[in-house]
Amino acid sequence: MVLHLPRVMTSSLRVLGVSIAAGALLVTAVPAAVSAAPLGIQFSIGMGNCDMRGWNAGNKQAILLVWKDSGGDLKSTQKVKSDKHGNWYSNCDYNEQIEAGDTIKATIGTKSRTIHVPQLSVAVDRVTNVVSGYGPPNDTVSLYVYTSDTSANQDVSTDPSGQYSFDFTSQLDIKGQDYAEADWYSPSGDDIYSYANAQYVQVWEGRAPDQDAAYVQAQPGEAVSVHLLDGSLVEKASFSGTGNRYGSLEGDFIDASGNVVRALAGDTIDATDVASDATWVLPAISVSGVASTDRVSGTCVANSRYDFEAYSSFANRYASYSGVTDSSGNFSRKITSQMDLQSGDHIDVYCTLPTGDQVDRHVTVP
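Residues numbered from 1 in each chain as written. Predicted model: local features only at pLDDT ≥ 70, side-chain atom pairs only at ≥ 80, totals over all residues. Heavy atoms only, no water.

## Observations concerning the packing of aromatic side chains
As a reminder, the rule being used: The pairing test for Phe, Tyr and Trp rings, Trp by its six-membered ring, is centres within 6.5 Å, and the orientation test on the planes gives stacked under 30 degrees, edge-to-face over 60, and tilted for anything in between.
Using the criterion set out here, one finds 10 aromatic pairs in the structure. By way of ring pairs, the aromatic residues Tyr306, Phe308, Tyr321 and Phe331 are connected into one cluster.

## Thoughts on the pattern of salt bridges
When charged atoms on two side chains of opposite charge get close, those side chains can pair. We apply this condition: A carboxyl oxygen of Asp or Glu within 4 Å of a side-chain nitrogen of Lys or Arg is what we treat as a salt bridge. A run of H or I in DSSP counts as a helix once it spans at least four residues, and a run of E counts as a strand once it spans at least two, with each numbered from the N terminus. Residue exposure (1.4 Å probe, protein chains only): buried if accessible area is under 20% of the type maximum, exposed if over 50%, otherwise partly exposed.
According to the stated counting rule, one finds 11 salt bridges in the structure shown. Taking the shortest distance from any N to any O, the salt bridge between Lys236 and Asp267 comes out at 2.8 Å. With a gap of 31 residues between them, Lys236 in strand S18 (residues 235–242) and Asp267 in the loop between strand S19 (248–251) and strand S20 (268–270) connect regions that are remote in the sequence. Using a relative accessible area of 24% as the deciding quantity, one classes Lys236 as partly exposed. With a shortest N-O distance of 2.9 Å, Arg305 and Asp307 are connected by a salt bridge. Judged by its relative accessible area of 37%, Arg305 is partly exposed. Shared partners join several salt bridges into a network, and the residues in it are Lys75, Glu99, Asp102 and Arg245.

## A short note on the sheet that holds strand S6 (residues 103–108)
Which entries qualify depends on this criterion: Strand pairing is assigned whenever DSSP identifies at least 2 bridges connecting the two strands. Geometry is summarised by axes, namely lines fitted to C-alpha atoms with helices restricted to the contacting stretch, and by angles between N-to-C directions that run from 0 to 180 degrees.
As summarised here, the arrangement of the 4 strands in space is S4-S3-S6-S7, forming an open sheet in which the pairing is antiparallel. In this open sheet, the two edge strands, each paired with only one partner strand, are strand S4 (74–81) and strand S7 (111–116). The sheet shows a mean angle of 15 degrees between the axes of neighbouring strands, direction not considered. Pairing of strand S3 (residues 62–68) with S4 involves 7 bridges; the strand directions are antiparallel. Paired with Leu65 across the strands is Gln78, a residue of S4.

## Overview of the environment of Tyr311
Which entries qualify depends on this criterion: Distance and chemistry together define a polar contact, namely a pair of N or O atoms within 3.5 Å, with one atom able to donate a hydrogen and the other to accept it when in protein, and with adjacent residues in sequence counting only for side-chain atoms on both sides.
Relative to the helices and strands, Tyr311 is located in strand S24 (residues 305–311). Of the residues examined, Tyr311 reaches a relative accessible area of 2% and is grouped as buried. Here the alpha-carbon distance between Tyr311 and Leu341, two residues 30 residues apart in the chain, equals 8.2 Å. Within polar-contact distance, the side chain of Tyr311 engages the side chain of Asp348 at 2.8 Å.

## Looking at the pairing of strand S2 (residues 52–55)
Two elements, strand S1 (residues 42–46) and S2, share 4 bridges in a ladder whose sense is antiparallel. Looking at S2, one finds that Ile45 is bridged to Met52. Hairpin connection of S1 to S2: 5 residues between the antiparallel strands, including Gly48 at a positive phi of 80 degrees.

## Considerations on the sheet that holds S19
Strand order in the open sheet formed by 7 strands is S19-S16-S15-S28-S27-S24-S25, with mixed pairing between adjacent strands. Of all strands in the sheet, those with a lone pairing partner are S19 and strand S25 (318–324), marking the two edges. Adjacent strand axes in the sheet meet at a mean angle of 15 degrees, parallel and antiparallel pairs treated alike. In terms of strand pairing, strand S15 (residues 200–205) meets strand S28 (residues 358–364) through 4 bridges, oriented parallel. Residue pairing across strands places Val203 opposite Val359, the latter belonging to S28.

Set out below in structure tokens:
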């Protein structure tokens, strides 16, 4: 399950959801080849984001970090200070992402150490339960897979090109929104990591709060299509595109005339381009809020996970809850402890399907 934020904030932060989850579970990260240097500082670095941290810097030491790309151009420079245990954390520059070939130089006083970031990628297939990617050639990569109720890990070897692959079928069943992390540990004890979600499709029934009715998590660079069919399985509209560097894409369902078409309960979603099991009939989901009682109620899928968030138009008041619906798919929560619900506030509900895909709905409190 992804972390949901108010829709007024979600678009710009969606990519960060996995980064936050991975960082909370593991202290992870960094380099490939490490230049010989007297400084004993160690690094933990996340691919595809701006997360740099580490340890063994000494008690309350001033550290100068200089981060450059593979061509030698400066990405970021900053000064940080270690704590009494020698641990340190950088300040994320959200305009930059860590990529293979980057160098990061840490200097304390007259001593320095430069690390070179290797290739490290990971992809998750929810149908085959295979986790694959690239790491340093002829080396070892540690894989960690997290589902909604369990986890597994496995060390795998890379071939001369750096490629690796492992089938987790005997250990767990990967569904949409589950994720995997790949870690490579340098001979000096540094850690570099990469992570990715399993494929899934998120569809808004009725009007979408930000006019993007479909969100897809595919593979980076993968071209996919999601088809919206009516009750007779005749295509109403479709959404297509190519996954960005993180494998994500979003947009509206568009018909042959170029019009935006809303997805409705009873329609069928055919997203077999994304995953061969990603096809389902949109269930009749609902959500409503009563301002006088601060109660949010709704209907998702029976005995399944639901999440909802309530927020004001300017997101200065906010509440969120998660849970499991009853045998009829219903849920009801009083949100007074988090928020004074008022007329004009918004509520988004996220209903998780057995495949891990999501169906959502947006309403305004009367």
